[in-house]
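# Descriptive structure summary
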Amino acid sequence: MRNKICTLCLCTILALLPSGCTAEEETLPEEAEPFSLTVCIGGRQETLDPAQAAAEGSETVLYHLYENLLRWEDRGNGWASVTKGQAEQYTAEIDSSGNTIYTFTIREGASWSDGQAVTSDDFAAAWRRLADPAEASPHREILSVVAGYDEVQETGDASLLAVAAPDARTFTVTVKGNCAYFLEEVCASAYTMPVRTDKTIGTVSNGMYTAAEQNYRQLRLQRSATYYNISESGPEEIIFRASGTPEDDFQLFTEGGLDLLRALPDSTLAESEVNWILEPITAVYGVLLNTAKPPFDSLEVRQAFYLAADTQTAAGALDSFAVQAAAGLIPYGITDYGKRSENEDIESGGYWDFRAHSLDLALIHLSEPTRP
C-alpha cells in the first residue's frame with residue numbers, strides 16, 4: 001500500500017509551425033518563451049531541510065529542490081512510478097542473516113547547484129542525521145526498516161545505522177529482511193533526500209530547481225544550471241505561495257495571480273456547470289485517546305467509543321462539499337497493490353482503492369476483538 005504521489009505537472013510549451021510554406025521559404029519554429037508558474041502550496045514553509053520539513057505542501061517543494069537515489073516519474077496514466085534518480089543503477093542481495101543489502105551507484109555527473117559533485121557520503125550523512133534521535137526529526141521512523149536503526153534510538157549513536165559509502169559513488173544500505181516498499185517509500189522519499197552538511201541546508205540543492213528567494217509568504221525557485229538532465233521541460237521559475245482562505249485564493253486565481261489552487265470555495269465546487277478537475281486530499285481528522293490511562297487502556301472501551309461515533313453526522317455538521325465520513329485512519333484515495341483478476345497485474349494498472357477494497361476486512365477485525 002502506498003500513497004499515490006501527487007506532484008506538480010510541469011508543462012511543455014510547443015512552438016507551432018505556420019502552414020503554407022513554400023520550398024523557397026524557410027520558416028523556423030519559434031522558441032518557447034520562458035514562463036513562470038505560481039502555485040498555492042498550503043502552509044508557510046518554515047524550513048527547506050528534508051529531515052525537518054513538516055508544513056503542508058513541503059513534500060512538493062522538496063521534490064523540486066532535491067533528488068533522491070530514485071525519483072517519482074509520471075507514467076502518463078494518472079499513476080507515478082519510481083525510476084533512476086541520483087543513482088544510475090542498484091543491486092540487491094540477501095546475506096546469510098536474511099537481510100537485504102542494496103548497493104547504489106551514484107550517477108556520473110550528478111552535482112549540487114554550486115557545482116560540487118554529489119557523493120555517496122552526502123547520502124550516508126543525511127540518513128544518519130535523519131535517524132539520530134538528537135535531531136528529533138518527525139520523519140526518522142521512515143528508516144526503521146534499516147538495520148541498526150533500533151540501536152541508534154537506544155544509544156544515540158547514529159554511526160550504528162547500517163549505511164556506508166565505500167567510495168564516492170557507492171552507497172550501501174542493509175535492510176532488515178525483505179522490505180517490499182523500501183525502494184518506493186524510502187529511496188524515493190522526500191525525507192531521505194541528501195543534504196550538504198558543509199552548507200546551510202537549503203542554500204544548495206541537487207534537484208531541478210534552486211531556492212532563489214524565501215520569505216514569510218512565498219518561496220521562489222529557479223531552474224538549476226547544474227542539474228544533469230537540463231533537457232527536462234518545466235517552467236523557468238516556480239513561486240510557491242502559502243494558502244489563504246479558499247475564497248481569497250480563488251479571487252487571486254481569477255485575477256491571474258495564481259496558476260494552481262489547492263482548495264476551492266464550497267460555493268464554487270457546488271456549481272455543477274463548471275468543469276473542475278478535482279484531486280482528492282488524502283487526509284483524516286480524528287480524536288486521539290491516551291491508551292496508557294484509564295478508561296482508554298481498555299480495548300473494549302476504545303471499541304465502544306469507536307462504534308458510538310457517528311461519522312456521517314460529524315461530516316455533515318461541517319457543511320463542506322469536500323468532506324466525507326471516514327471509515328478508519330486510512331482515507332479514501334489510498335491505493336492497494338494486488339490483482340483484481342488473474343489477467344490483470346500491477347504493471348497494467350492492477351490497483352484499487354484500499355478503503356473500498358479492504359473495508360469489509362477492517363470491519364471483520366473490529367468485530368472480533370483480541371485481548372492484549
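Criteria and thresholds
Residues numbered from 1 in each chain as written. Predicted model: local features only at pLDDT ≥ 70, side-chain atom pairs only at ≥ 80, totals over all residues. Heavy atoms only, no water. pLDDT = per-residue confidence, 0-100. Helix = DSSP H or I, 4+ residues; strand = E, 2+ residues; numbered from the N terminus. Contact = heavy atoms within 4.5 Å. Core = buried A, V, L, I, M, F, W, Y, C linked by side-chain atoms within 4.5 Å. Buried < 20%, exposed > 50% of the residue type's maximum accessible area, 1.4 Å probe, protein only. Pairing = 2+ DSSP bridges. Axes fitted to C-alpha atoms, helices over the stretch in contact; angles between N-to-C directions. 1 Å grid on protein atoms, 1.4 Å probe; cavity = no way out; pocket = protein on both sides within 12 Å on 5 of 7 lines; lining within 4 Å. Points joined across faces, edges and corners; volume = space filled by probe spheres on them. Lys, Arg positive; Asp, Glu negative; His and termini not counted. Salt bridge = Lys/Arg side-chain N within 4 Å of Asp/Glu carboxyl O. Polar contact = N/O pair within 3.5 Å; in protein donor to acceptor, adjacent residues only side chain to side chain. Phe/Tyr/Trp six-rings, centres within 6.5 Å; stacked < 30°, edge-to-face > 60°. Lys NZ or Arg CZ within 6 Å of the ring centre and 35° of its normal.

### What about the confidence of the model for the protein chain?
- In the predicted model, the protein chain carries a mean pLDDT of 81, and 76% of its residues have values of at least 70.
- Here helix H9 (residues 354-367) is the element of the protein chain with the lowest mean pLDDT, 53, and strand E7 (residues 170-175) is the one with the highest, 98.
- With pLDDT under 50 throughout, residues 1-25 is counted as low confidence; its partners more than four residues away or in other chains account for 48 contacts.
- Counted against residues more than four places away or in other chains, residues 339-349, with its pLDDT under 50, gives 13 contacts.

### Quick look at the nonpolar core
- In this structure, Phe 104, Trp 127 and Phe 182 are the most contacted members of the largest nonpolar core, which totals 55 residues.
- Those residues in contact with Trp 127 that lie beyond four places of it in its chain are Leu 69, Leu 143, Val 146, Leu 161, Val 163, Phe 171, Val 173, Phe 182, Val 186, Cys 187 and Thr 192.
- Counting six residues, the second-largest nonpolar core is a separate cluster that includes Cys 40, Phe 250, Leu 258 and Leu 261.

### With respect to the sheet that holds strand E5 (residues 100-106)
- Ordered in space as E4-E5-E7-E6, the four strands form an open sheet in which the pairing is antiparallel. Since the sheet does not close on itself, it has two edges, and those belong to strand E4 (87-94) and strand E6 (163-167), each with one partner. On average, each strand axis in the sheet is tilted by 20 degrees relative to the strand beside it, whichever way the strands run.
- With three bridges joining them, E6 and E7 adopt antiparallel strand pairing. Paired with Asp 167 across the two strands is Thr 170, which belongs to E7.

### Here we look at unusual backbone geometry
- Residue Pro 295 is reached from Pro 294 by a cis peptide bond, and omega for that bond is 0 degrees.
- Take Pro 295: it is sitting in the loop between helix H6 (266-269) and helix H7 (299-308).
- Residue Ala 136 is not a glycine yet carries a positive backbone phi of 50 degrees.
- Here Ala 136 lies in the loop between helix H2 (120-131) and helix H3 (149-155).
- We classify Ala 136 as partly exposed; its relative accessible area is 49%.

### Details of empty space enclosed by the protein
- Considering all chains together, one arrives at two cavities of 30 Å³ or more under this definition.
- If you add up the space inside the largest cavity, you get close to 60 Å³.
- Around the largest cavity, the lining residues are Ile 41, Gly 43, Arg 44, Gln 45, Gln 214, Asn 215, Arg 217, Gln 218, Leu 219, Phe 240, Arg 241 and Ala 242.
- Elements represented by at least two residues in the lining of the largest cavity include exactly strand E9 (218-223) and strand E10 (237-242).
- Here the lining of the largest cavity takes three residues from E10, the largest share from any one element.

### Re the side chain of Arg 107
- In this fold, Arg 107 is placed in the loop between E5 and H2.
- Notably, Arg 107 is buried but unbridged: the nearest opposite-charge side chain belongs to Glu 67, and the N-O separation is 4.9 Å.
- A polar contact of 2.6 Å, which involves the side chain of Arg 107, links it to the backbone oxygen of Gly 85.
- Residue contacts for Arg 107: discarding those within four places in its chain leaves Lys 84, Gly 85, Gln 86, Ala 87, Glu 88, Arg 169 and Tyr 228.

### Examining the packing of aromatic side chains
- Following the criterion strictly, the structure yields 11 aromatic pairs and no others.
- With centroids separated by 6.2 Å and ring planes inclined at 15 degrees, the aromatic side chains of Tyr 102 and Phe 104 adopt a geometry described as stacked. Summarising the burial analysis for this pair, Tyr 102 and Phe 104 share the class buried.
- Centroid distance Phe 296 to Phe 305: 5.0 Å. Interplanar angle 80 degrees. Geometry classified as edge-to-face.
- Residue Phe 305 is classed as partly exposed on the basis of its relative accessible area of 48%.
- Put simply, the rings of Tyr 90, Tyr 102, Phe 104, Phe 123, Trp 127, Phe 171 and Phe 182 pair up and form one aromatic cluster.
- Taking the ring centre of Tyr 228 as reference, the NZ or CZ of Arg 107 above it sits at 4.0 Å.

### Structural notes on the sheet that holds strand E8 (residues 209-214)
- Strand order in the open sheet formed by four strands is E1-E10-E9-E8, with mixed pairing between adjacent strands. Here the strands that pair on one side only, and so sit at the sheet edges, are strand E1 (36-42) and E8. When the angles between neighbouring strand axes are averaged without regard to direction, this sheet yields 25 degrees.
- Examined bridge by bridge, E1 and E10 share six bridges and lie parallel to one another. Across the sheet, residue Val 39 finds its bridge partner in E10, namely Phe 240.

### With respect to the pairing of E4
- Sheet topology places E4 next to E5; seven bridges connect them, and they run antiparallel. Bridging from a neighbouring strand, Gln 89 pairs with Thr 105 of E5.
- From the end of E4 to the start of E5, which pair antiparallel, there are five residues, and Gly 98 there has a positive phi angle of about 85 degrees.

### As for the side chain of Arg 196
- Position of Arg 196 among the secondary structure elements: in the loop between helix H4 (182-187) and E8.
- Arg 196 sits in the buried class, given a relative accessible area of 3%.
- Within polar-contact distance, the side chain of Arg 196 engages the side chain of Gln 116 at 3.3 Å.
- Excluding residues within four positions of it along the chain, Arg 196 makes contact with Trp 112, Asp 114, Gln 116, Asp 122, Ile 201 and Val 204.

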